[in-house]
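Here is how the chains run, residue by residue.
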Amino acid sequence: QVQLVESGGGVVQAGGSLRLSCAASERSFTPLAMAWFRQAPGKEIESVAAISWMGSNTYFADSVKGRFTISRDNDKKMVVLQMNSAKPEDKAIYYCATSQNTNNASGSSRAYDYWGQGIQVTVSS
C-alpha cells in the first residue's frame, strides 16, 4: 500500500515562508504526477499546485501563482511545496497526492490515486 507522508506544516506569519514536503513510502511505486491540494475550514478541497514526472509541466491555482513553487526529487520520491508571501487565506489543511497512471500536472483531484493524511498550515496575521 502506497503511503504519502507530509511534513513541514505549522504556523507562519503573514508574508513569511513555509516549506511542505511529501514522500512516497513504497519502494516499488513510481509516482508520476504529484500535487498539493488544500481544504480550509468550511470549504471544499481545492487544488494548489501540481508537477509532472520530469518537472517540465506544472500547474498552479490562480490564488498562489507567483507566491508558491513546486518541485520534486524523483530519487527520493518526494514533492516539495515552497510557500512564500503567505496570506491568511492560505490557512488550510494541505494534502499531497500522486498518480500512478497520469503524468499530467493536473489540478483535478480525480487525476490522483493516492493521498496523504494532510498537514495543517496556519498563517498568523
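Conventions used here
- Residues numbered from 1 in each chain as written.
- Predicted model: local features only at pLDDT ≥ 70, side-chain atom pairs only at ≥ 80, totals over all residues.
- Heavy atoms only, no water.
- Buried < 20%, exposed > 50% of the residue type's maximum accessible area, 1.4 Å probe, protein only.
- Helix = DSSP H or I, 4+ residues; strand = E, 2+ residues; numbered from the N terminus.
- Pairing = 2+ DSSP bridges.
- Axes fitted to C-alpha atoms, helices over the stretch in contact; angles between N-to-C directions.
- Contact = heavy atoms within 4.5 Å.
- Polar contact = N/O pair within 3.5 Å; in protein donor to acceptor, adjacent residues only side chain to side chain.
- Core = buried A, V, L, I, M, F, W, Y, C linked by side-chain atoms within 4.5 Å.

Trainee: For this particular structure, what's the right way to read the pairing of strand 11 (residues 119-124)?
Mentor: Note on strand geometry: in a regular strand, side chains alternate between the two faces of the sheet. By the alternation rule, side chains of strand 11 split into Ile119, Val121 and Val123, which are all buried, and Gln120, Thr122 and Ser124, of which none is buried. Bridge count between strand 2 (residues 10-13) and strand 11: four bridges; the pairing is parallel. Note on strand 11: the bridge partner recorded for Val12 is Val123. Strand direction decides the pairing type here: strand 9 (residues 92-98) and strand 11, joined by three bridges, are antiparallel. Along strand 11, the bridge assignment pairs Ile93 with Gln120.

Trainee: Sorry if this is basic, but what is going on with the sheet that holds strand 7 (residues 68-73) here?
Mentor: Hydrogen bonding along the main chain pairs the strands of a sheet, whether they run parallel or antiparallel. Within the open sheet, the four strands sit side by side as 1-3-8-7. Their pairing is antiparallel. Whereas interior strands pair on both sides, the edge strands pair on one side only; in this sheet they are strand 1 (4-7) and strand 7. Looking at each pair of strands side by side, their axes are set apart by 15° on average, direction ignored. Note that strand 7 and strand 8 (residues 78-83) share six bridges and pair antiparallel. Pairing of Arg72 across the sheet is with Val79, part of strand 8.

Trainee: I would appreciate a short explanation of the environment of Ser124 in the present structure.
Mentor: The residue Ser124 is located in strand 11 in this model. Measuring from C-alpha to C-alpha, the distance between Ser124 and Gly15 comes to 9.4 Å, with 109 residues separating the pair along the chain. If we ignore the near neighbours within four places in the chain, the residues touching Ser124 are Val11, Val12, Gln13 and Ala14.

Trainee: Explanation requested: the side chain of Arg67 in the structure shown.
Mentor: Tracing the backbone through its elements, the reader meets Arg67 in the loop between strand 6 (58-60) and strand 7. Here the side chain of Arg67 touches Asp90 through a polar contact of 2.7 Å, side chain to side chain. Residues within four places of Arg67 in sequence aside, it is in contact with Gln82, Met83, Asn84, Ser85, Ala86, Lys87 and Asp90.

Trainee: Explain the nonpolar core to me, please; I cannot follow it from the model alone.
Mentor: Nonpolar side chains in soluble globular proteins tend to end up buried together. Leu20, Trp36, Val48, Val79, Leu81, Met83 and Tyr94 are the most contacted members of the largest nonpolar core, which totals 30 residues. Elements supplying a minimum of two residues to this core: strand 3 (18-24), strand 4 (34-39), strand 5 (46-51), strand 7, strand 8, strand 9 and strand 11. A total of four residues in this core trace back to one element, the largest contributor, which is strand 3. Setting aside chain neighbours within four positions, we find Leu81 in contact with Leu18, Arg19, Leu20, Trp36, Val48, Ala49, Phe68, Thr69 and Tyr94. With seven residues, the next largest nonpolar core counts Ala35, Phe37, Ala97 and Tyr112 among its residues.

Trainee: Sorry if this is basic, but what is going on with unusual backbone geometry here?
Mentor: Of note in this structure, Lys77 is not a glycine but carries a positive phi near 55°. With relative accessibility at 16%, the residue Lys77 sits in the buried group. Residues other than glycine seldom take positive phi values, yet Ser85 does so here, at roughly 50°. Topologically, Ser85 is positioned in the loop between strand 8 and strand 9.

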